[in-house]
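# Descriptive structure summary
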Amino acid sequence: MPAPSKQQLRQQIRAARRALGLYQQRLASQRLCARLALSPELKRAQHIGIYWPMDGEIDPRPLLQRFPHKRFYLPVLPRASRNTMTFRHWPPGARLRFRNRYGIPEPIAGRSEQRTPAQLDLVLLPLVAFDPKGARLGMGGGYYDRSFAFKRRNPGEGPVLVGIAHQLQCVAQLPLESWDIPLVLVATDERLYRCR
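My aim in this report is to walk through the structure given alongside it, one point at a time. (Residues numbered from 1 in each chain as written. Predicted model: local features only at pLDDT ≥ 70, side-chain atom pairs only at ≥ 80, totals over all residues. Heavy atoms only, no water.)

### Remarks on unusual backbone geometry
Put simply, the test is: Helix and strand definitions follow DSSP, with helices as H or I runs of at least four residues and strands as E runs of at least two, each counted in order from the N terminus. Partly exposed residues are those whose accessible area sits between 20% and 50% of the maximum for their type, while under 20% is buried and over 50% is exposed, using a 1.4 Å probe and protein chains only.
Its identity as a non-glycine residue notwithstanding, D55 has a phi of 60 degrees, on the positive side. With respect to the element layout, D55 can be found in the loop between β1 (47-49) and α4 (63-66). On the basis of relative accessibility, which here comes to 24%, the residue D55 falls in the partly exposed class.

### Focus: the pairing of strand β11 (residues 185-188)
The condition that has to hold: For two strands to count as paired, DSSP must find a minimum of two bridges between them.
Taking every second residue as pointing to the same face, both faces of β11 are buried, with L185 and A187 on one and V186 and T188 on the other. As paired elements, strand β10 (residues 160-165) and β11 share 4 bridges and run parallel to each other. Counterpart to A165 in the pairing with β11 is T188. Pairing of β11 with strand β12 (residues 192-194) involves 3 bridges; the strand directions are antiparallel. What sits directly across from L185, in β12, is R194. With antiparallel pairing between neighbouring strands as the criterion, β11 and β12 make up a hairpin whose turn holds 3 residues.

### Points about the environment of A149
Mapped onto the elements, A149 comes out in the loop between α5 (143-147) and α6 (150-153). Taking the C-alpha atoms as reference points, A149 and L77, 72 residues apart in sequence, are found 16 Å from one another.

### Focus on the sheet that holds strand β2 (residues 71-76)
As a reminder of what qualifies: Residues are treated as being in contact if the distance between any of their heavy atoms lies within 4.5 Å. Simply put, an axis is a line fit to the C-alpha atoms, just over the touching stretch for a helix, and the angle between two N-to-C directions goes from 0 to 180 degrees.
Read across the open sheet, the 8 strands follow the order β6-β3-β2-β1-β7-β10-β11-β12; overall the sheet is mixed. Each edge of the open sheet carries a strand with a single partner, namely β6 (114-115) and β12. As defined by bridge partners, strand β7 (residues 122-126) adjoins β10 across 5 bridges and the pair is classed as parallel. The residue of β10 that forms the bridge with L122 is V160. Along the sheet face, helix α2 (residues 22-37) touches β7, β10, β11 and β12 and points at about 140 degrees away from the line of β11.

### A few points about the layout of surface pockets
Operational definition: Two kinds of site are reported from a 1 Å grid over the protein atoms alone, namely cavities, where a 1.4 Å probe fits but cannot get out, and pockets, open sets with protein on both sides within 12 Å along at least five of seven lines, and residues are called lining when an atom falls within 4 Å of a point. Grid points are joined across faces, edges and corners, and a volume is the space filled by probe spheres set on the points. Residue polarity is assigned by list, with Asp, Glu, Lys and Arg as charged and Ala, Val, Leu, Ile, Met, Phe, Trp, Tyr, Cys and Pro as nonpolar; anything else, Gly included, falls into the polar class.
When its volume is computed, the largest pocket comes out at roughly 770 Å³. In terms of lining residues, the largest pocket is bounded by 34 residues, among which R136, M139, G141, Y143 and Y144 are the most central. Put simply, the parts of the chain that give the lining of the largest pocket at least two residues each are α1 (6-18), β5 (105-107), β9 (136-137) and α5. For the lining of the largest pocket, the element with the most residues is α5, which contributes 4 residues. Of the residues in the lining of the largest pocket, the class split is 19 nonpolar, 5 polar and 10 charged. Each pocket or cavity is described by its volume, and for the second largest pocket that value is around 160 Å³. L22, Q25, R26, S29, Q30, D59 and P62 are the residues that line the second largest pocket.

### Overview of the pattern of salt bridges
Condition: We define a salt bridge as a side-chain nitrogen of Lys or Arg found within 4 Å of a carboxyl oxygen belonging to Asp or Glu.
Throughout the structure, instances matching the rule amount to 7 salt bridges. As a salt-bridge pair, R14 and D55 come within 2.6 Å of each other at their nearest N and O atoms. A residue pair is termed long-range when its members are at least 10 positions apart, and R14 in helix α1 and D55 in the loop between β1 and α4 qualify at 41 residues. On the basis of relative accessibility, which here comes to 24%, the residue R14 falls in the partly exposed class.

Read these as layout, nothing more, since geometry by itself doesn't imply function.
Next comes the structure, spelled out in structure tokens:
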């Protein structure tokens, strides 16, 4: 039987992720955050890119309460003149507004510090599927791959890229395209995958 296409895989895994109940989602988030809190990568990082969970994605936001001394930043989608994201500081409790084309909250412009992708220490990336070697299948927009393209030329430059997922999002192998940026680490509710 042929392997599913990327689009089929996206549909299957997104449906499985959305099928998780509220209790399962909360428990998975607690386990993920507890596991991540012990990682040396997160312990060292001071400026951390995070995301607002949508569509059944596992929720990393409890890390803000767990690490009040660290600075967390939400991605801001590019406007017409740019093709890479920026990240804006998001202090706990700060107001957000639904600004981007997908209805995902972004910090209000002008009220928070902004950083480029290269200026962060660590970025927690959402994903649809991943494999144990660090390949990541996203939603297909390419925002993260374009924003971190500089890491293809200089892998040690910029932030540590950590995929965040439910364990059910792990697949045996994903094809890597020339533009894909492999992950250093993937954290799930069940384990950490060290990919390099």
